[in-house]
Amino acid sequence: MLEQVIDLGSQNHVTYYVARAQYQLAENYVHAGRPQAQLAEILADATAFAKFNRNQKLLDKITRLKEQLSS
């Protein structure tokens, strides 16, 4: 379902929701034990969209998740 939100948001230029959906998908990937490469790509996309939208709260959450994964 999150992947559908991302696709719809991208198609309709609603990037605010795309950033949040990408982040939630990354969290889901962590819990599902997905490969680190997939997780890194999703987090990079979430970061780019959050920066574009100037969503500092989401950027902070992404940073915390990255730090958690690297420890």
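Above this text you will find the structure in question.
Residues numbered from 1 in each chain as written. Predicted model: local features only at pLDDT ≥ 70, side-chain atom pairs only at ≥ 80, totals over all residues. Heavy atoms only, no water.

Let's talk about the packing of aromatic side chains
Each pair of aromatic rings is reported with the distance of its centres and the angle of its planes.
Working step 1: Under the counting rule described, the total for this entry stands at 0 aromatic pairs.
Working step 2: It is Arg34 that lies over the ring of Tyr29; its NZ or CZ is 4.4 Å from the centre. (Phe/Tyr/Trp six-rings, centres within 6.5 Å; stacked < 30°, edge-to-face > 60°. Lys NZ or Arg CZ within 6 Å of the ring centre and 35° of its normal.)

Section: the packing of helix α2 (residues 15–32) against helix α4 (residues 56–70)
Working step 1: Interhelical geometry of α2 versus α4 gives an angle of 20 degrees and a closest axis separation of 11 Å. Between α2 and α4, the angle is such that the two are roughly parallel. With respect to the hand of their crossing, α2 and α4 are arranged in left-handed fashion. From α2, Ala19, Arg20, Tyr23, Ala26, Glu27 and Val30 reach across to α4, where they touch Leu58, Lys61, Ile62, Leu65 and Leu69.
Working step 2: For the contact of α2 with α4, a count of residues per class yields 8 nonpolar, no polar and 3 charged. (Axes fitted to C-alpha atoms, helices over the stretch in contact; angles between N-to-C directions. Helix = DSSP H or I, 4+ residues; strand = E, 2+ residues; numbered from the N terminus. Parallel < 35°, antiparallel > 145°, perpendicular 65-115°, else oblique. Left-handed = near helix turned anticlockwise from the far one by under 90°. Contact = heavy atoms within 4.5 Å. Nonpolar A, V, L, I, M, F, W, Y, C, P; charged D, E, K, R; others polar.)

A word on unusual backbone geometry
Working step 1: One non-glycine residue with positive phi stands out, namely Arg54, at about 55 degrees.
Working step 2: Residue placement: Arg54 occurs in the loop between α3 (36–52) and α4.
Working step 3: Under the relative-accessibility criterion, Arg54 is labelled exposed at 76%. (Buried < 20%, exposed > 50% of the residue type's maximum accessible area, 1.4 Å probe, protein only.)

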